[in-house]
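Listed here are the chains, written in short residue letters.
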Amino acid sequence: MKLYCLSGHPTLPCNVLKFKSTTIMLDCGLDMTSVLNFIPLPLVHSSRLSTLPSWIMKDGNTILEKGFKDCAGRVFIDSLPEFCLPEKELLDLSTVDVILISNYHCMMALPYITEHTGFTGTVYTTEPTLQIARLLMEELVHFIERVPKDQSAVYWKSKEMWRLLPSSLKDAVDVTTWKPCYNIQDVNAALSKVQLVGYSQKIELFGAVQITPLSSGYSLGSCNWIIQSHYEKVSCVSGSSLLTTHPQPMEQSSLKNSDVLILTGLTQIPTANPDGMLGEFCSNLAMTIRSGGNVLVPCYPSGVVYDLLECLYQFIDSASLNSTPFYFISPVANSSLEFSQIFAEWLCQSKQSKVYLPEPPFPHAELIQTNKLKHYSSVYGDFSNDFKQPCVVFTGHPSLRFGDVVHFMELWGKSSLNTIIFTEPDFSYVDALAPFQPLAMKCVYCPIDTRLNFIQVNKLLKELQPLHLVCPEQYTQPPPSQVHRSDLMLDVQMPLMAYKRCSVLTLPFRRSFERIEILPQLADSLMPIEMKPGVSVATISATLHSKDNKHVLQPPLKTMVPPLSKKRKRVIEESTELKAPKPLLSGTIPVELFLATLHKNGITEVKMEDTSEGHILHLQEEDTLIQLEDDSTHIICDNNESLRSTLRDLVLRFLQKL
Amino acid sequence: KNEIKGAGQDVGRSCILVSIGGKNVMLDCGMHMGFNDDRRFPDFSYITQNGRLTEFLDCVIVSHFHLDHCGALPYMSEMVGYDGPIYMTHPTKAICPILLEDFRKITVDKKGETNFFTSQMIKDCMKKVTAVNLHQTVQVDDELEIKAYYAGHVLGAAMFQIKVGAESVVYTGDYNMTPDRHLGAAWIDKCRPDIVISESTYATTIRDSKRCRERDFLKKVHETVERGGKVLIPVFALGRAQELCILLETFWERMNLKAPIYFSTGLTEKANHYYKLFITWTNQKIRKTFVQRNMFEFKHIKPFDRSYTDNPGPMVVFATPGMLHAGQSLQIFKKWAGNDKNMVILPGYCVQGTVGYKILNGQRKLEMEGRNTLEVKMQVEYMSFSAHADAKGIMQLIRMAEPRNVLLVHGEAKKMEFLKQKIEQEFSVNCYMPANGETTTITTNPNIPVDISLSLLKRESVPGALPDPKKPRIMHGTLIMKDNSLRLVSSEQALKELGLVEHHLRFTCRVHIQDPHSEQDTLNKIYSHLKTVLKDSSIQHLPDGTLMVESILIKVSTASEDPSTKILLVSWTYQVQDLRRILLKCIIQSHLAEIS
């Protein structure tokens, strides 16, 4: 059993497991941090961005001049943003049978994997994951396609240029594998390969393994996967949360007794407490509004934004923000808000019980009804008419490289009254802000990452007790920025295998048993012998029927007497195949009893000789020797077939046959 | 062995008890709407005479929210007494208590009946309910697991697979195999259960195309409204009502009609809200478009007030309940029945004993409370919009699931008999149709699961040859039975595991043959001959001058008295004595042939 690790990003994994003749891809996360190296895509022409000085290389080379811009000492590629894909060369993607998705963030590379690679398999995930992933992908494609970019850097990826690149790009994972965004056709084609599953559903793959998604508590429809056969169990824990937010709580007990547990997707901000961050978010927001400033919240269109809105719903009255407009701007804002209300089965208990009343599970329905929250597909159109300041705007993309957020950065960045509050943990806020420097607006960093932290995961692993643990190498040492914090790493007893991008791990597995079925007719015909108290054995000779990786033993076909054929060879072949082999023997022959039996059968003249290991019987009349030892008998007898069979049968009487 | 108890050849009160692999599961707990006395609830004394329900039942499963499937639930759990798990889908769990409360109000508050469950009992009962998702495998205990499939019949309707070990039963509840205006079609995978327990409400009907029926319905409503008549459509608040509302709403929009459409009782708006929140349970089309336009927000359909009954002019009214046995629909019916311009359309099945049943069977003079009789002049139409599977649909489901036995319930005896024959003919499986209170015992013969050692499974019976997956292979091994575990291993491994030492039984004999050549040549000759004859055996020429055929050793020596006589010393183990026999025959025959 092998594990191919195609991504080095610990929260956006892409692993391929080869297990019992199946090839299973676990998640396909898209590392988007690469876009931070690109210049932002403004919605309207930005004179500031377009007049940024070109970056001059140290050796004065001018070929690249057009391709790179310099902003406050940092270099940006002046081109459409590109993403860092999972490794495609490590194994043939067309051999992947199934892809299991744990949550919508870990699905963003799907079109790259399933399209134009020869992939013919099936993608399994839950309905909320599919629907929200579709929204995220549609938003991404929309953000990038609606801003046509005429000039674009082309030469920077060539080999000769590499040594000249700024250090930020030199250190990045293999820039030659970076790819521009997929289009909507690829998204639709990729998502059409999805088969929906429910929590705790048992799905058979080719009769060989069973897969089961379990609630992971991180986001709507997020799940951990169990891959098991009758004897082996691999658990994939990817992006799980023990906090009580909107999704159904994490199911833990089913993860017990795993042979291997693959752990990915821990919190990216292990030092921040999500509840504390939520409080800070609210107080900073209120403070800015009170002093007449605007608040910008870069966010994804689904996920934590639901919790933020719910938190604000409770906070608005007490902070007297009743007249402050809240805007949610995204091409999929409406869909996201609508979809969140129809997935009652995937929500936590308290939200579920609201649906029984029947009331919408999320309070943002009420915010919309009372006109406190308004949603728009973009800053164009209705929004420009309704727009009132000071206000709070939720909009994407959290990288600040594309989407409506770029517009607000240009609009509000110059005033120190305004505040930008970062809540999404995927991008470094310093890097995100870099192309907008110098910036007057206040910046607050309250990352909310509800995924497991190290204290939680160490405790969880102690309870789950997997035999082996596999995790990204980042989890085996403290974060590079806080090397002294030895509490910010895994601390576990079981053997641990760490991986990085392009690792191929051989998982420690020894399969020794397989499940097979015996037809009742065959079972009836067995004759068990009790060997020891409580232990019986029976020899079986049967035909094995294998179909779809399922094996059934049936009573052997009635042996047909092979017709006398001229070809002896053929007769031999068939007779050897159809006849049951002789059983193995076991036991010891008691000499005295054996002698008595020989006597009874008319063999009287026996001379016995003791040897170091046993006895030699000499049947004088028949000129035959029998060597008897504790665990062997040797009959030496020439050309007397009938005597030999008599002796054989007598010996067999004393032995057990298996 | 499976035992099926209760339920029977009657539509109106579903309650089935299944004993499977030592587990007892109650499927649905319905009430009969046609009775007003004790007969409306299932007879639990059958079980309770031997103890409490909780001890006897491992779980209760409710397929959907219709009262003939869940109406007796509070009675069973709170009045008879049951504290074990009850399973139903989320929409059923949401809607079921509302219908129960509604029914309780009509029965107790309006009719003043006693010995009925209270509001509190409904609440307490629902606390015992565990909601399940579609396709989720729920482990009731270590052995018993259940799984829900989409059934289409009403919002949240489900079929359930009940599985204990290798035995399984599928209970369909009510289902519908053709998608309609708001629900999808029932679906199940090829789970090959031992039994499918299927409803058979429309056992013989092969319904005409849905589109025709819809057109028919719209035409009748339209005609009546055009001539100034009033149309009464008795429905249950949830289910068919929403489908017909969608139908009329789109028709009104298209035809630009002005006649008002009303929906009685305050439940409507709430009911539509359930449909909005459980949109994932509706059909593909509604789910796809719900963000742009929610099909359950009606523009033309307005809430009904009792005073509207006497308004002049045409109108269409949806009123509850659906079988005209009580409540608002009956009140409106009484007022409108005398006018032949009006029309009542019964879109669903009516249970025996209800007003709906009577007028559908042509009765035009009805005895009401007291001595009053009511003359029915209005037109009475029956339109089967009931989303049950027809005979074709039932056959289709059986084809999907591939059961070994079929058991028909929830239908009328005569029709079931017809379907039973059809099923037995087409699928050649046994089909049963038990009467109320009858027990059907079906013996299953499941395969026995065994753990086989991988080395034995992979060992090929013919060495060297590639295993042909299509050709059954012969397998030999030893089954070890120990502490309830069954393991199939090779004989060698079995010996080792049992701590036994193999006893080698070996034979040796000398064979004289005539051969003037040297010992070496003789051996070579035998070797090459055997090579051609015994192609499938491994034959080795060992450096010490011995031939080894599998485990048979052959040594050649020259007889001391006669150099042209060679002595073959042949030694073999008990396990290969058959091969030895063939081998010697070959050697001797070839030599004889050569000499002659």
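Residues numbered from 1 in each chain as written. Chains lettered and ligands numbered in written order. Predicted model: local features only at pLDDT ≥ 70, side-chain atom pairs only at ≥ 80, totals over all residues. Heavy atoms only, no water.

### A word on the overall build of chain A
Okay, step 1: Within chain A one finds 18 helices and 34 strands.
Okay, step 2: Taking 26 Å as the expected radius of gyration for a compact globule of 658 residues, we find that chain A reaches 36 Å, considerably beyond that expectation.
Okay, step 3: Taken along its principal axes, the extent of the C-alpha atoms in chain A is 120 × 65 × 55 Å.
Okay, step 4: Within the span of chain A, comprising 658 residues, buried residues form 56% of the whole. (Helix = DSSP H or I, 4+ residues; strand = E, 2+ residues; numbered from the N terminus. Rg over C-alpha atoms; globule rule 2.2 N^0.38 Å. Buried < 20%, exposed > 50% of the residue type's maximum accessible area, 1.4 Å probe, protein only.)

### Some remarks on the environment of N273 of chain A
All names here are of chain A.
Okay, step 1: Assignment of secondary structure puts N273 in the loop between strand 15 (260-264) and helix 6 (274-290).
Okay, step 2: Residue class for N273 comes out partly exposed when judged on its relative accessible area of 47%.
Okay, step 3: Placed 173 residues apart in sequence, N273 and C446 show a C-alpha to C-alpha distance of 9.3 Å.

### A word on the environment of S586 of chain A
Okay, step 1: Note that S586 of chain A resides in strand 29 (residues 585-586).
Okay, step 2: In sequence terms S586 of chain A and Q656 of chain A are 70 residues apart; their C-alpha atoms lie 5.1 Å from each other.
Okay, step 3: Those residues in contact with S586 of chain A that lie beyond four places of it in its chain are L655 and Q656 of chain A together with L495, L500, V501 and H503 of chain B. (Contact = heavy atoms within 4.5 Å.)

### Concerning the interface of chain A and chain B
Okay, step 1: Residue-level contacts link 91 residues of chain A with 85 residues of chain B.
Okay, step 2: Here chain A and chain B share an interface that buries about 7,800 Å² over both sides, 59% of which is from carbon and sulfur atoms.
Okay, step 3: In this assembly, chain A and chain B are joined by two salt bridges.
Okay, step 4: K202 of chain A is the salt-bridge partner of E145 of chain B, the closest N and O atoms lying 2.9 Å from each other.
Okay, step 5: Run the count over chain A and chain B and you get 24 residue pairs in polar contact (both at pLDDT 80 or more).
Okay, step 6: The leading source of residues in the side of chain A that touches chain B is strand 27 (residues 535-547) of chain A, at 12 residues.
Okay, step 7: In terms of residue class, the side of chain A that touches chain B is made up of 44 nonpolar, 24 polar and 23 charged.
Okay, step 8: With five bridges joining them, strand 33 (residues 632-636) of chain A and strand 26 (residues 504-514) of chain B adopt parallel strand pairing. (Buried area = accessible area lost by both parts, 1.4 Å probe. Salt bridge = Lys/Arg side-chain N within 4 Å of Asp/Glu carboxyl O. Polar contact = N/O pair within 3.5 Å; in protein donor to acceptor, adjacent residues only side chain to side chain. Nonpolar A, V, L, I, M, F, W, Y, C, P; charged D, E, K, R; others polar. Pairing = 2+ DSSP bridges.)

### A look at the packing of helix 6 of chain A against helix 7 (residues 304-318) of chain A
All names here are of chain A.
Okay, step 1: Where helix 6 meets helix 7, the closest approach of the two axes is 11 Å, and the angle between their N-to-C directions is 60 degrees. In terms of orientation, helix 6 and helix 7 fall into the oblique class. Seen from above, helix 6 lies across helix 7 with right-handed handedness. Contacts from L278, F281, C282, S283, L285 and A286 in helix 6 reach L308, C311, L312 and F315 in helix 7.
Okay, step 2: Partitioning the contact of helix 6 with helix 7 into residue classes produces nine nonpolar, one polar and no charged. (Axes fitted to C-alpha atoms, helices over the stretch in contact; angles between N-to-C directions. Parallel < 35°, antiparallel > 145°, perpendicular 65-115°, else oblique. Left-handed = near helix turned anticlockwise from the far one by under 90°.)

### Re the nonpolar core
Okay, step 1: Counting 248 residues, the largest nonpolar core has F83 and F394 of chain A together with F217 of chain B as the members making the most contacts within it.
Okay, step 2: Among the nonpolar cores identified, the runner-up in size contains 45 residues, and V651 of chain A together with I513, V576 and L579 of chain B belong to it. (Core = buried A, V, L, I, M, F, W, Y, C linked by side-chain atoms within 4.5 Å.)

### Considerations on the sheet that holds strand 8 (residues 122-125) of chain A
Residues and elements named next belong to chain A.
Okay, step 1: With mixed pairing, the seven strands of this open sheet are ordered in space as 10-8-7-3-2-1-24. At either margin of the open sheet sits one strand with a lone partner, and together these are strand 10 (194-196) and strand 24 (504-506). Put simply, the sheet's adjacent strands are angled 25 degrees from each other on average, direction ignored.
Okay, step 2: Here strand 8 pairs with strand 10 via three bridges, running parallel. Bridging across to strand 10, Y124 finds its partner in Q195.

### Comments concerning helix 3 (residues 127-145) of chain A
Residues spaced three or four apart along an α-helix point in a common direction, a consequence of the helix completing one turn every 3.6 residues.
Okay, step 1: Given a rise of 1.5 Å per residue, 19 residues ought to cover 27 Å, and the 27 Å separating the end C-alpha atoms of helix 3 of chain A matches this to within 8%.
Okay, step 2: A large share of helix 3 of chain A lies buried, amounting to 15 of its 19 residues. (Expected span 1.5 Å × (residues − 1).)

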